[in-house]
Amino acid sequence: MSKIICSAAIRGAHKIVERAEAKYQEAMEKWGPDQEVGFPNTAYYLPVIYGILGVPVKKLGDVKDVLDRCRSLLPDMVDEHVWLPYLAPALDAGMTTFFAEEIIEAIRYLESPDFYTKTEDPSNGNIWLGAADDVILRKRGVEFVDGTAPGFAAVLGAPPTEEIAVQLAQELQEKNLYVFMSADHEGRSMSEMLVKAGVQVGWGTRLVSFGPEYTATVFAAGFATRAAMSFGGVKPGDFKSILFYNKDRIFAFAMPLGTVTDEWYANAAGAINWGFPTIADTPIPEVLPTGVCTYEHVVSNVPHDQLVARAIEVRGLKVTVAKVPIPVSYGPAFEGERVRKDDLFLECGGGKTQAVEWATTKDMDEVEDGKIELFGPDVDDVGEGGRLPLAIVAEFAGRKMQDDFEPILERQIHHFVNYAQGLMHIGQRDIAWIRMAKAGASKGLKLKHIGDILHAKFHQDFGAIFDKVQIKLYTEEDKVQEILEKATGVYHQRDARIEGMTDETTDTYYSCTLCQSFAPNHVCIISPERTGLCGAYNWLDCKASHEINPTGPNQPVEKGETIDAKLGQWKGCNEFLYKASRQALDHYNFYSIVHDPMTTCGCCECIAAILPLCNGVMTVDRDYAGMTPCGMKFTTLAGTIGGGMSVPGFVGHGKYNLTQRKWIVGDGGIKRLVWMPKHFKEEAAERLKKLAEEVGIPDLPDMIADETVGTTEEEILAFLEEKGHPALTMDPLLE
Amino acid sequence: MALTGIQIYKLLPKTNCGECGVPTCLAFAMSLAAAKAELAACPYVSEEAKAELADASAPPIRVVEIGTGERKLKIGGETVLFRHEKTFINPTGIAVLVTDEMSDEDVAGRLERFKTLEYERVGLTLRADLFAVKSLSGDAGKFEALVTKVKSQTDGGIILMTEDPGVMEAGLKACADRKPLIFAATKENAEPMAALAKEHGCPLAVKGDGLDEVSELTTKLTEGGLNDLVIDSGARTIRKAFEDQVFIRRGALLKKYKPLGFPTIALPCEMTDDFMQETLIASMFVAKYGGIVVLSDIQGHSLFPLLLARMNVYTDPQRPMATSPGIYEIGGPNEDSPVLVTSNFSLTYFIVSGEIEASRVPAWLIIVDTEGLSVLTAWAAGKFVGDVVGISLKKSGILDKVRHKKVVIPGYAAAISGDLEEELGDWEVLVGPRESAHIPAYLKEWKVG
Amino acid sequence: MAFEIPKILYNGAIKENPLGKESNRITVGGETCYPFHLFEGNMPHPPKIAMEVYDATPEDWAQAALDPFTDVVHDPAAWAQKCVASYGAEMIALQLASTDPNAQNTTAEQAVETTKKVAAAIEVPLIVWGCCNVEKDTEVLKRIAEECTGENLILGPVEEDTHKALGAAAIAYQHTIAASTPIDINLAKQLNILLGNLGVPDERILVDPTVTGLGYGLEYCYSVMERDRMAALTQEDERLQFPIVCNLAKDVWKVKEAKLSDEDAPLLGDPTKRGVLLEAMTALLFLLAGGDILIMRHPDAIQLVRGFINDLMGS
C-alpha cells in the first residue's frame, strides 16, 4: 500500500480518536457515565462498534472501553525512514476511525438533539438527516437484498460546480445506487449544492444527506454493518462475516471529491475493511493491487464524467438490463416462430449472402459497455425483400472473462435473436442465417436492434462472467469478409484446443445431468475425448458452463483412481454416478460398447450397435431413417437403450466422438467400425481419414460399408471380407 | 437378475433368419430383454437355452390372472418402487364384499351398484373389478348359493373367501370356470387348499401371520408346482399393512426374493368400521403396492374418488394422457357462444374445460390433436401451429355451428394468430389469456358483436 | 430362511423449520426417511394440516364445503377462530383470493388489514397465500411482510419472478416463504438455490411443488414430490431438503365433480361425502409422496386425514 496514503490515514485516525476522547471527557463531565447514549430508534446501538466488536454502547460510561480498544488498535505514526508496505496498520487505523466517529456522532445527538432531522427527508429547512433508523434500514435494506438497489456511493466533499454535482447524482441514480453524502470541501458540500440546484434530497430520491462533517461518513458504514446483521443473519461481534457480507453483496464505494485530508484518508482506509474501494477525482496516490477489495483499492484522478463508470467497474458492479429495448415482443415464446418467404422483409446469410457470428474477448479499456455500432446499410436502406451480408461481432471484456467462454456466449446468439418476434435465426458461426419478417420491419425493427438484444440478454443471463460487452454489426461485403477470415481462424483454434487434450492428462471430467428431467437416472460424464453424446457439449463447454452456473447441471467430477484404463473406468466417476443416478448404477465404462457402456438419455446424435456376425460395430445417426444391419432403425434403437440404462452391445455417442481416439477403444476403437450411413461417412470423411491414418489403416474408410452396400449383416459381411476389414481378424467381440 | 440383450443373444441360434418377426437375432434378443417379445417366437431355440432364459426372464413379481373373458383381471408384474421410474403396470383390482350372512337386500344393493357405477374418463371406463364372496356361516350350501347368485348376476371376477377347504370346494363347484381367486391358504389348511387350486387351475391367495410365515407358505406351494399366488401378509393395522406392502415390493424387486415375488391382496374391510376411512385406506393401497383391495361396500361417493386415484397413480408417466380431438360442448352453447381452441393434453383439457365451466359462460371447446402435448410444447414441436389448428377447426365442423367468426386461442400460442387467420380466411383470431385461471374473467368480457 | 427387510441407504435429511410466533412455535420437517417409512428412519414432526380461510366471502363454493362455515364466511378472523376452536386447526392458511386483479382486485391495504386481524385472532402459525398474479402478489405480500413483523408468517407463493422482492422482505421482516414452482423438480431446486443466494436462511424456506386435485393431473405432482424426496434423502441434494407444503383444497373443490348435486350426478353418490373423500384422498396421496403441510378445507376430510396420520405414525 502506498506509504503516503498509509501515513495519512494513520495520522487522520490519530486526530479523530483524539477528538473522540476529548468529546468523551467533555460529555462525561457534563452528564456522567449513566447518561444514555446512542442513535435514534435502533436496536443496533452504535452499529459499527456493535457489529465489529460485539459491544453494545448503551451509556456514556460504555464508551470508555471502546476508546481503550481504539488506542490499542491504533498503529503508531509512520516513521519517515520506514519503507514497508502498510496495509494492515492502515486498515486498523480505518477501523478505529469509524469507532471514534460513532462516538463523536453519538455525543452530538446528546449535545444538539436537533442537529439531525431524524426523518426520511429534510424537514423545517434542515437537510441533515443523520443515522438511518431501523424502519429506514429495513425498508431500504430490502432493496439492497432484492437488487433494486445494488449498493451505495459514499460521497465526501463536493465537486467543483453545481452542474457536476447534479450530473453525478443523476448518473448514480440511474445505476440505482444510493448516494450517501457527508463532509465538505472548502466549505461546500455535495448535499447543499444539490439542494441549491433544486434537486430533492432524502431517502426517497436515494440522495441521502447524512451530515455536514466528515464524521457523518460513519453513518454509511453503520448502515452497511447493520445490513449484514439484519439481512445476512450475522451475529454482532462476528466482524469477519460482516465485512465479507458487505464485500460480496453490497456494491458500495467511497467517492471523495476535492482535497483528500488526513481524516478522509482515514475514512477511506476504514471503507476498505468493508471491501469498499475509493475512487477519487484528485491526483492522490493509487493502490491498485487487489486484496481486501475485489479489485483495486484506491483509484485516483478520474475525470468527473468518468467517475461513475470507473467506480462501477472498480467495485465490480454488474449492469442489469431489465427489459430488452426493442419495438417488438420478446421472449422464449417466439423462439420457434418462422419467417416464411412471403413474410420476408430482409435476409442475411442462408447461402444467399455471407453471415457470420463471432464472440471475442478484448481488454477492459477497449470495450464500452452497451455500445452498439452498425457499419453499413440497415433495414431502411435496402427495402422489402432485400438481402445483406452480415457479421455480428460481440466484444466482451471482464475480469472473469476467459477465451473458453467465447463459444458458449457465441452459441447464445441463436437463442437470443430468435426470441424476438419477427426475427428468425438458424445456424451458427459462419453458417448463420437471419430473416426479418415484414411485420417486424413495420414495427420499426432494425438490424441495430440485434445489438440491443444481445447486450441486454448477455448481461441478463451471463452477467456473472463478463463486465462489459459491445456489439458491432457489419453489413458491407468487404468488412464481412474481413471478419469472416478472422473468425474462421478462431474457430479452427477452438477446435484444435479440445483436439489437443487427452483423457489421461485430465484429472477433472464434467457431469451433465441436463437430461434428467426426462431420463431421471441418466448421467453423462464428459471427458475431453468422450464428448457429450448429444453433440452439444464438449469438455470445455462443460467447464465453462460450470463456471457460469456453479450449481447447474455440469459439475466437476474428479476421476480419481483408475479402475480400468483400457475400458475407461475410474473410481471418482463411479462414485459420482452412483449418487447422481439415485443409486441406480454404480459403474460404467467410458470406452466400451460391450462391457457396461455409458448410459444414454435418448438425445444422442448417433447410436452404435454390435454386429456379432461381422465381429464389428455399426453406428447410425439420427438423420438416417432406414433399416440398419443390426435389425433396428434409429428410432427403435433409441427406444431400446434410451432412458438412462447401460445396455451392453449398444451405446449412444456424438458424431464428433466417433472420430475421437477414445471411441470404444476398449473394444478395439475405430477398427471395429464396419457400417455407417453414407451421408454420415461423407460428413465425417476428413476426420475419419485422419484417424484411420493414425491407427495405421489409411484405407479404412473405404472398407466401412454403408446402405448402398447393404442393410443386413450378411450383405455387408461379404463386402468386409472382400475388402479385408480389420474387424474380421480382431479378437472376438463377444467372449 | 435379468439378462442383458447380449447375454440372451449368446443363447440364440445367431442365424438372423428373421422368422421371429424381427430381422436379426440381436434385435430379437433386445426385444426379449425389454420383455417386448416371447421366446416362443423363435422356432430354433434350443431346450437348454429355453430353460435358462425362462428362468432368467421370469418377472420379479409374478403376473396373476383372475377371472375369464373380457373382465379378466391381471395383477402383479410390477417392476418399480416409484411410478416415475417407469410406470405401474397392472392397476389395483377393486373388490366389493358380500357375505352369506348379509340380507338379500344388502347383497342385491351391492350387485346393483357394482353394475351401475361406471365412469367414462379420457376414453377409459372406470369401474370396480371383483366380488369377494365370503362365508361367515361356515355353511357350504349357503356359500355355494351365494356364489352362484353372484356369478349369475355379474361378469366381474370372483374371490372366494373361506379358510374351510370343504366350504371352498362348494364355492369352486359353483364358479371354478370363472377362475376365481381362492382366499386363502394358511399354515393350517395349505395342503387341501393347494390341492383345490391345482385341481381347478385357480390362483391361490396365501395368508400368513407376518412375512416369514408367508414366505414359508409360498415356498412350499411353489415347490408343489403352484405359481399363481397372491399374498396377504395378515397385517390389519394401517401402519403394519403399509410397511408389509413396502417390504414385499422391495423384497421382490431389490432382493429378487422369490418367496415374496407375488402380487398382494389387502383388506381395508377388515381394518376399520368407518366406511369413509375404509375407502381412504384403499387409496393408500392403490398408491402403495396393493394388487387387490377388498371393500365392505361401494357407493358412488366412495368408488369414484378411488377410481380416480387409481387412474392417476397408474398413468404411464412417460406417455402423456390425451383427450380425443373434436368439439366439446360446455354449458349448452349456441350459435352465439364463444369458440375456444386448445391442445389435447388431457391435463390441459381438464383444466380448460373446468375453467370454462366455472365461468358459467356456455362455450364451444375445440380440442386439436397435439399427440398429448401441452400447448406450449405442441407449439414448439410444430403441432399447434396456424395451419394445423386451422385444418382441425375446419374438420371439426365448428365453422357451421356458430354465426360469428371468432376463435379464441391460448395466450401462449399468440404467435400462431397470423398464420391461423390466413388459414381460416375471414375469421378473426383472438388471443386469450395465458393462464387458464383467467379464462372465466376473459369469457365474461367476451362479446359476440 | 428368514426374510430380511431390504432397507434404503439414506444420506440426507429434510431441514427442520420452526413456524409461527415465538410464543407458539411448531416445527415441520426433519424426516430422515421416505414418508412413513419409520422402520428405517424418523419423522420427528408428523405432517401438519392447515385450515383454509378466505379473505372474502367465497362465491361458487360447493354447498358441502360451505356448510360448516356459513356462520363465519363473512369474517376471516372469526372463521380462523372457528377452525382452531371447533376443528383443532394446527395452522391457518389465509387465501387472499380477492386480491386477484381478475377478481375483486382488493388493495394491498385491505389485505394487510385482513391479515392483521386474522393473525391477532389466532395463536397458531399463519400461512398467507396470494392470488398467483406476479405483480399483485409482490405488492401485497411485500406490504404484509412489512406490516406484520414478528408474526413469522408463511408467505406464498414465492415464484422465480417474485423471489427477490419477497425473499428480501422475508429476510428483513423475518417471515417464512413457500417457494413455488410449476410441477418440476429442477425448477424447484433452482428456486431454492436462488433463495439461498439471496440470503434467505434455510429454516425459512418451504417448498410448494404446485399441486392439483384427484383426477386432474395429481400424478404429476405426486411423482415430483416423490422425486424431490428421493433426491433430498438419497442423493444429498441439499437444495431440495426442505419441507413441502401442499395447497390442495382450492383445486380439489374447484372441479365440477366436487360441486355436482346428487340429482345432477346420481352415480356420484352423496355430494358431501364425495367432496370429503376427494379432498381426503388427495391429501393422503400427497402425504404418501412427502407432504409436510397440507392446506385443507372440509373439517370431515381433515379429521379423516389427521386420524390417518396418527395411524401411520402409531406403533
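Analysis parameters
- Residues numbered from 1 in each chain as written.
- Chains lettered and ligands numbered in written order.
- Predicted model: local features only at pLDDT ≥ 70, side-chain atom pairs only at ≥ 80, totals over all residues.
- Heavy atoms only, no water.
- Helix = DSSP H or I, 4+ residues; strand = E, 2+ residues; numbered from the N terminus.
- Rg over C-alpha atoms; globule rule 2.2 N^0.38 Å.
- Buried < 20%, exposed > 50% of the residue type's maximum accessible area, 1.4 Å probe, protein only.
- Contact = heavy atoms within 4.5 Å.
- Areas by Shrake-Rupley, 256 points an atom, 1.4 Å probe, with all protein chains shown as cover.
- Lys, Arg positive; Asp, Glu negative; His and termini not counted.
- Charge placed at Lys NZ, Arg CZ, Asp CG, Glu CD.
- Pairing = 2+ DSSP bridges.
- Axes fitted to C-alpha atoms, helices over the stretch in contact; angles between N-to-C directions.
- Parallel < 35°, antiparallel > 145°, perpendicular 65-115°, else oblique.
- Left-handed = near helix turned anticlockwise from the far one by under 90°.
- Nonpolar A, V, L, I, M, F, W, Y, C, P; charged D, E, K, R; others polar.
- Buried area = accessible area lost by both parts, 1.4 Å probe.
- Salt bridge = Lys/Arg side-chain N within 4 Å of Asp/Glu carboxyl O.
- Polar contact = N/O pair within 3.5 Å; in protein donor to acceptor, adjacent residues only side chain to side chain.

The next point concerns the overall build of chain C. Regarding its fold elements, chain C presents 11 helices and 10 strands. On C-alpha atoms alone, chain C measures out to a radius of gyration of 19 Å, which is about the 20 Å that the 2.2 N^0.38 rule sets for 315 residues. Its C-alpha atoms give chain C principal-axis dimensions of about 65 × 50 × 35 Å. Expressed as a percentage of its 315 residues, the buried residues of chain C come to 65%. Pairs at least 24 residues apart make up 70% of the contacts formed inside chain C by residues separated by at least 6 positions. Put simply, chain C shows about 10100 Å² of open surface, and 48% of that area lies on carbon and sulfur atoms. A distance of 2 Å separates the average location of the 25 positive side-chain charges in chain C from that of its 46 negative side-chain charges.

A separate point is the side chain of Ser302(B). Turning to its location among the elements, Ser302(B) is positioned in helix 11 (residues 300–313). On the basis of relative accessible area, Ser302(B) is assigned to the buried category, the value being 2%. Those residues in contact with Ser302(B) that sit more than four places away from it in its chain are Phe275(B), Thr279(B) and Leu277(C).

So, on to the sheet that holds strand 7 (residues 344–349) of chain A. All names here are of chain A. Strand order in this open sheet of four strands is 10-7-13-12, and the pairing throughout is mixed. For this open sheet the edge positions go to strand 10 (386–387) and strand 12 (423–426), each flanked by a neighbour on one side alone. Pairing between strand 7 and strand 10: two bridges, direction parallel. Counted as the bridge partner of Leu-346 is Gly-386 from strand 10. Of the strands in this sheet, strand 12 and strand 13 (433–437) are in contact with helix 13 (residues 405–418), which crosses strand 12 at around 155°.

Attention now goes to unusual backbone geometry. Residue and element names in this part refer to chain B. Look at the link from Phe-183 to Ala-184: it is a cis peptide, with omega at 5°. Non-glycine residue Asn-16 carries a positive phi angle of around 50°. In this structure, Asn-16 sits in the loop between helix 1 (5–11) and helix 2 (25–33).

It is worth spelling out the packing of helix 11 of chain B against helix 10 (residues 271–289) of chain C at this point. Interhelical geometry of helix 11 of chain B versus helix 10 of chain C gives an angle of 30° and a closest axis separation of 8 Å. Considering their axes alone, helix 11 of chain B and helix 10 of chain C lie roughly parallel with respect to each other. Classified by chirality, the crossing of helix 10 of chain C by helix 11 of chain B is right-handed. Listed contacts from helix 10 of chain C to His301(B), Ser302(B), Pro305(B), Leu306(B), Leu308(B), Ala309(B) and Val313(B) of helix 11 of chain B are Lys273(C), Arg274(C), Leu277(C), Leu278(C), Met281(C) and Leu285(C). Residues of the contact of helix 11 of chain B with helix 10 of chain C, tallied by class, amount to nine nonpolar, two polar and two charged.

With that settled, the discussion passes to the interface of chain A and chain B. Taken together, the contact pairs 27 residues of chain A with 18 residues of chain B. The contact between chain A and chain B buries some 1800 Å² in all, and 65% of this surface belongs to carbon and sulfur atoms. One can count zero salt bridges joining chain A with chain B. Inspection of the chain A/chain B interface yields three residue pairs in polar contact (both at pLDDT 80 or more). Elements with a contribution of two residues or more to the side of chain A that touches chain B: helix 19 (634–641) and helix 24 (713–723) of chain A. Tallied by class, the residues present in the side of chain A that touches chain B amount to 15 nonpolar, five polar and seven charged.

Between chain B and chain C, the contact holds 55 residues from the first and 54 residues from the second. Considering only the surface of chain B that becomes buried against chain C, Arg239(B), Arg250(B) and Leu280(B) emerge as the three largest contributors, covering 14% of it. Counting the contacts that link chain B with chain C gives seven salt bridges. Across the pair Lys254(C) and Glu355(B) runs a salt bridge, and its minimum N-O distance is 3.2 Å. If you look at where chain B meets chain C, you find 17 residue pairs in polar contact (both at pLDDT 80 or more). For the side of chain B that touches chain C, the elements supplying multiple residues, two or more each, are strand 4 (119–121), helix 8 (211–223), helix 9 (238–254), helix 10 (275–287), helix 11 and helix 12 (346–359) of chain B. At 11 residues, helix 11 of chain B tops the list of elements feeding residues into the side of chain B that touches chain C. Per-class residue counts for the side of chain B that touches chain C are 29 nonpolar, 13 polar and 13 charged.

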